[in-house]
Structure formats: structure tokens, C-alpha cells
Amino acid sequence: MSSTAWALAASLLWLAATCYWLRPLWRRQQTTGEHQTLVVWASQTGQAERLGRQALRALQAAGQPAAGLPLGRLTPAHLLACRQLWLVASTYGDGQAPDSAQAFEHRLMPQGPALPELSFALLGLGDSQYPHFCAFAKRLESWLRDKGAQPLQDSIYLDNQDPDGLVRWHASLAQHTGIHALPETDEQPWQPVALLSRSALNPGSPSLTAYHLSLQADGLGPWQAGDLLELQHAGQRRLYSIANLGSSKQVELLVRHVMKEDGSQGLMSGWLCQQAAPGEQLEARVHHNPSFALPESPAPSILIGSGTGLAGLRALLQEQLQRGQPSWLLFGERSPEHDRWLASELDQLTPQQVLLQRCFSRNGAADAPRYVQDMLRDHSEQLHDWISVGASIRVCGSMAMGQAVDSILQGLLGAAAIKQMAADGRYRRDIY
Ligand SMILES: Cc1cc2nc3c(=O)[nH]c(=O)nc-3n(C[C@H](O)[C@H](O)[C@H](O)COP(=O)(O)OP(=O)(O)OC[C@H]3O[C@@H](n4cnc5c(N)ncnc54)[C@H](O)[C@@H]3O)c2cc1C
Ligand SMILES: Cc1cc2nc3c(=O)[nH]c(=O)nc-3n(C[C@H](O)[C@H](O)[C@H](O)COP(=O)(O)O)c2cc1C
């Protein structure tokens, strides 16, 4: 062999060895997409995701090759490759992580790697009317600090979308990107909508009266099942689950007329359910809530709720019917005589379309299930069967119902399985 051939062979050998030893590093860069700047959100009803995506667009507009993802998909490899982390996290339930981030908190946070090379900026979203204000975002901050990560600035904890805190967050983004006119969030503009019709869902019920409302919604952007409608009237803003698919110009809601112990009524629900005459206008915008949407791949669905929770479930059920997928709907209210909400519509569906089970907390029969969680427990075998063929679970309605259902599901399916289903988008809740 000539000396040139020897030199060539030696170079090839060196190259092969280098490739071999660098394999783990390359693999890590492939999985993290080589992004040293990450924007990560933990969101239950979409606000944190909207602000996270806005930060992502600002960083990208400044020429930084940033990537964005939900916290539930963040891995130790991402964290090790990342140098700058922008984090927007809300708190839900009673100081808990949003559903999609619970597996991250329980599995990754107790053990994750040391992160001495990471800098982070954190925006927590919360509401100080809850006893554990921004508790999850605060746990994230102390975890990052324990891991040796350095804060780029003081963390910002926003109380109920407090505008001053938002200005500080935007200022820090502007400082790091050099971009002062930040991209808009994908919040929809307010549109006028008119009340078209209102009918009581439960006349004579021992529960507070709830109404099925239709609003004329010509200017509203499209919505998908799972989205919310934000209403604004007389300086008040409230969220409502949209109860129909976004293919028509009418948006439907199921609203409970709130009456308080002192005899006063809820500001928004009182206006919607009593004062407003048909034709009267208010402002509305669609509040996208992608985490409550059905999973992309068609599959059976277990829809669980009580009271006005039927609103969000009805839109999902309509989508399931369009997809030709079966649903199991478990609905709870008070009175068997007066609380068969939307009976004329639901009772005409075939058992192949929907397996409908109702329960009533004031049912006279001693052996009848009273709450939706009782029905789940009584049909645990059926629950396992549905889950084993890939069914997803959606829960909509009151906090108390959502928590009772969560604990029975954890008991029946296992806490780890439930957290994994939440991380995979197969278990999601819209509870309030
Ligand atoms: C994700 C989500 C989905 C919902 N879906 C539905 C649904 O489908 N159907 C339904 O009936 N309800 C739904 N709600 C509840 C709804 O948003 C209202 O809370 C409910 O109608 C009572 O509002 P109210 O104005 O009548 O009562 P109020 O008692 O006047 O207000 C209710 C709450 O709003 C807050 N609030 C009061 N005044 C102010 C103020 N000035 N500024 C800011 N906040 C204030 C307070 O925390 C108060 O507890 C949902 C809530 C959420 C968060
Ligand atoms: C049912 C429910 C429970 C909540 N629990 C808390 C809480 O324990 N602590 C808190 O600070 N905020 C709490 N909040 C307020 C949310 O964190 C706040 O509305 C936030 O903007 C939601 O952001 P998201 O849309 O990204 O989930 C709660 C809100 C709801 C509707």
C-alpha cells in the first residue's frame, strides 16, 4: 500500500472512531432538535399556552432558533441541551399542576438532572382568590433553583391576568429579544353577539334553574369541540363551555342561573338567564382550549359530567357522532323527574352512538347510584374494556365532581395510568 493510501485509511479510521464516540451527543441533539432556547407551557384552559406561543414567536422573530412545547412533553434530554428556558405555567384544582403537566411533576421533578448551565424566566398564572396562589409555578421555580438553574430575572406571578404583571413579562421579553412591538397573542377579537333564544333545561328541579341559550354569532371565528366562549357585559367577563360544534352561526351554551345565599343573583348568569331579552347584544370571543379537544385519532370516548358540565360534553358528543365513534356518557343531576336535561335530543340516539347513563343525587331508590363516580365504580369492568380499546376520558362540570371522579378513576385504573393518560391527551378535564 502506498503512503497516500495508508494516510487515507488512517483518516477514515479516525473519522469512524470519532463518529462512534460522538454518537450519544448526536442522538441527544436529534431528540432536542438542537434547540438551546425553549419555550414551555403548562396550561389547563389555554391562557398559559397562548402567552407561551406569543413568547415563542417573539424569540423566533428576533432570530433565535427557539422551539416550543407543552411541559408534559419536556424530557431530561431537552433540559440538558437547553441553555435558556422560558416557562409559562398556570395552577389548577387546589394548587395542582394542569392535568397535562401532572406526570411531569410526579415523575420527572423528583429526580431530574442537575441543570447548572440553564437560565430560566418564569411566568406563573393564577388567581389569589384560591388558597394556593400560583402554587404549581412556585414549585417549578424552586425545583429549577434546586437543580442549579439560574433565573434570568425575578419570576412573575400574575394574579387573574393582572395587567401590570403582564407588562413586566412583556418588558423582559422585549429586553431579551430587542423586539418592542411583541406579536399579538392569538386571542380572538371581541365580537357582538345577540341572544336568540333561552329555554329552561330543568323546570321544577330542586337545583337552580339552568338554561339552554342560543346566541347569533356571525362574526365569531371558528371553534372546535372543547372550546370556551368568553362573554363580556357591563364590565364583567366570564367563561362558558361551548355546547355545539362550530359549523353553524349559532353558538349554544348551558348556563346555570346563580342565586346566592343572601338572595342576590350572579352578575353574568343573572343577566343572561333573566334580564336579557331576545335580540339583546353582548360581546363574545372564542377562547380556544385545545387541551380539552378530542384526541386527533378517532377513538371511543367516555364523557363524564354533572349539571352545566353537559355543555362541553355535548359538543364533544356531536363531534364523536360526526366521526362515527361511540361515546359513553355519564351524566349526574339531582331529580329523576325534572333533571333529564336535553332528553328529547339525547334519548333518541342509539346505544351504538351513545351509551347514556344518568344518575340523580335525590333518587328515592336506595340502591340506585347517586353520583357519576358511583356509576363508574359500579361499571368498573366496562371502564377497563373501553380503556383497553383506546377510549379517552373527558370530565366537565363542577370542581367537587371533577375531584371525586379523579379519585375514583385513580383507584380503578391506577394513579400512574391516569397521569400517563393525562400526559397523552387521553384524560382531560374542564372543571370550574
Ligand atoms: C372554564 C370554565 C367553564 C365554565 N363553563 C360554564 C358553563 O358551561 N355553564 C355555566 O353556567 N357556568 C360555567 N362556568 C362558570 C361561569 O364562568 C361563571 O362563573 C358563572 O356563570 C357565575 O358567574 P356570575 O357572574 O353569574 O356569578 P358571580 O358570582 O357574579 O361571579 C362568579 C365569579 O366570578 C368572579 N367575579 C365576580 N366579580 C368579578 C369581577 N368584577 N371581575 C372578575 N371576576 C369576578 C368571582 O370569582 C365569582 O365567584 C365556567 C367557568 C370556567 C372557569
Ligand atoms: C377550577 C379552577 C381551579 C383553579 N385553581 C387555582 C389555584 O389553586 N391557584 C391559583 O393560583 N389559581 C387557580 N386557578 C386560576 C387559574 O390558574 C387561572 O385562571 C389561569 O389564568 C388559567 O390559565 P390556563 O388557561 O393556562 O390554565 C384556578 C382556575 C380554575 C378555573
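Look up: the structure comes first, before these words.
Here the structure is a predicted model, which is why all the values come from computation and not from measurement.

Caption draft 1: Quick peek at the overall build of the protein chain. Across its full length, the protein chain carries 13 helices and 17 strands. Principal-axis analysis of the C-alpha atoms places the extent of the protein chain at approximately 100 × 50 × 40 Å. Across the 432 residues that make up the protein chain, the buried fraction comes to 50%. For the protein chain, contacts bridging at least 24 residues in sequence account for 76% of all contacts bridging at least 6.

Caption draft 2: The sheet that holds strand E12 (residues 281-287), seen in detail. The antiparallel open sheet is built from 6 strands, whose spatial order is E10-E9-E12-E7-E8-E11. Two strands close off the open sheet at either side, each with one partner strand: strand E10 (236-241) and strand E11 (250-256). Ignoring which end each strand starts from, the neighbouring axes of this sheet average 40° apart. Relative to the sheet, helix H7 (residues 267-275) contacts strand E7 (191-200), strand E8 (210-216), strand E9 (228-233), E10, E11 and E12, its axis offset from that of E10 by approximately 70°.

Caption draft 3: The sheet that holds strand E17 (residues 427-431), seen in detail. Here we have 5 strands laid out as an open sheet, ordered E15-E14-E13-E16-E17, and parallel in their pairing. Across the chains shown, the open sheet's two edge strands, defined by having one partner strand only, are strand E15 (354-360) and E17. Direction aside, neighbouring strands of the sheet carry axes that sit 10° apart on average. One ladder, built from 5 bridges, connects strand E16 (residues 392-397) with E17; its direction is parallel. When the bridges of E17 are listed, Ile 393 appears paired with Tyr 427. Across the sheet, helix H8 (residues 310-323) is in contact with strand E13 (301-306), strand E14 (327-333), E15 and E16; its angle to E13 comes to roughly 160°.

Caption draft 4: Spotlight on the packing of aromatic side chains. Counting across every chain of the model gives 4 aromatic pairs. Their ring planes at 75° and their centres at 5.6 Å tell us that Trp 86 and Trp 169 sit as a pair that is edge-to-face. Of the two residues, Trp 86 sits in strand E3 (residues 84-90) while Trp 169 sits in helix H6 (residues 163-177), which places them 83 residues apart along the sequence. On the accessibility criterion, Trp 86 (0% relative accessible area) is buried. A centroid spacing of 5.6 Å and a plane angle of 55° characterise the contact between Phe 331 and Trp 341, whose relative ring orientation is tilted. You can see Phe 331 sitting in strand E14 and its partner Trp 341 sitting in the loop between E14 and helix H9 (343-346), a full 10 residues away along the chain. On the basis of relative accessibility, which here comes to 2%, the residue Phe 331 falls in the buried class. One residue, Lys 138, lies across the ring of Tyr 157, its end atom 5.4 Å from the ring centre.

Caption draft 5: Region of interest: the site of ligand 1. As a matter of local geometry, ligand 1 sits amid 20 residues, with Leu 239, Tyr 240, Lys 260, Met 268 and Ser 269 nearest to it. Within the side chain of Gln 129, a nitrogen or oxygen atom sits 3.0 Å from an oxygen atom of ligand 1. At 2.8 Å, a backbone N or O of Met 268 approaches an oxygen atom of ligand 1. Protein chains bury 69% of the 950 Å² of accessible surface belonging to ligand 1 in isolation.

Caption draft 6: Structural view of H8. For H8, with 14 residues, the first-to-last C-alpha span of 19 Å sits near the 20 Å given by 1.5 Å per residue. Within H8, 10 of the 14 residues are buried, which leaves it mostly tucked inside the rest of the structure. One or two residues past the end of H8 sits Gly 324, with phi positive at roughly 70°.

About the thresholds
Residues numbered from 1 in each chain as written. Chains lettered and ligands numbered in written order. Predicted model: local features only at pLDDT ≥ 70, side-chain atom pairs only at ≥ 80, totals over all residues. Heavy atoms only, no water. Helix = DSSP H or I, 4+ residues; strand = E, 2+ residues; numbered from the N terminus. Buried < 20%, exposed > 50% of the residue type's maximum accessible area, 1.4 Å probe, protein only. Contact = heavy atoms within 4.5 Å. Pairing = 2+ DSSP bridges. Axes fitted to C-alpha atoms, helices over the stretch in contact; angles between N-to-C directions. Phe/Tyr/Trp six-rings, centres within 6.5 Å; stacked < 30°, edge-to-face > 60°. Lys NZ or Arg CZ within 6 Å of the ring centre and 35° of its normal. Near = heavy atom within 4 Å. Polar contact = N/O pair within 3.5 Å; in protein donor to acceptor, adjacent residues only side chain to side chain. Areas by Shrake-Rupley, 256 points an atom, 1.4 Å probe, with all protein chains shown as cover. Expected span 1.5 Å × (residues − 1).

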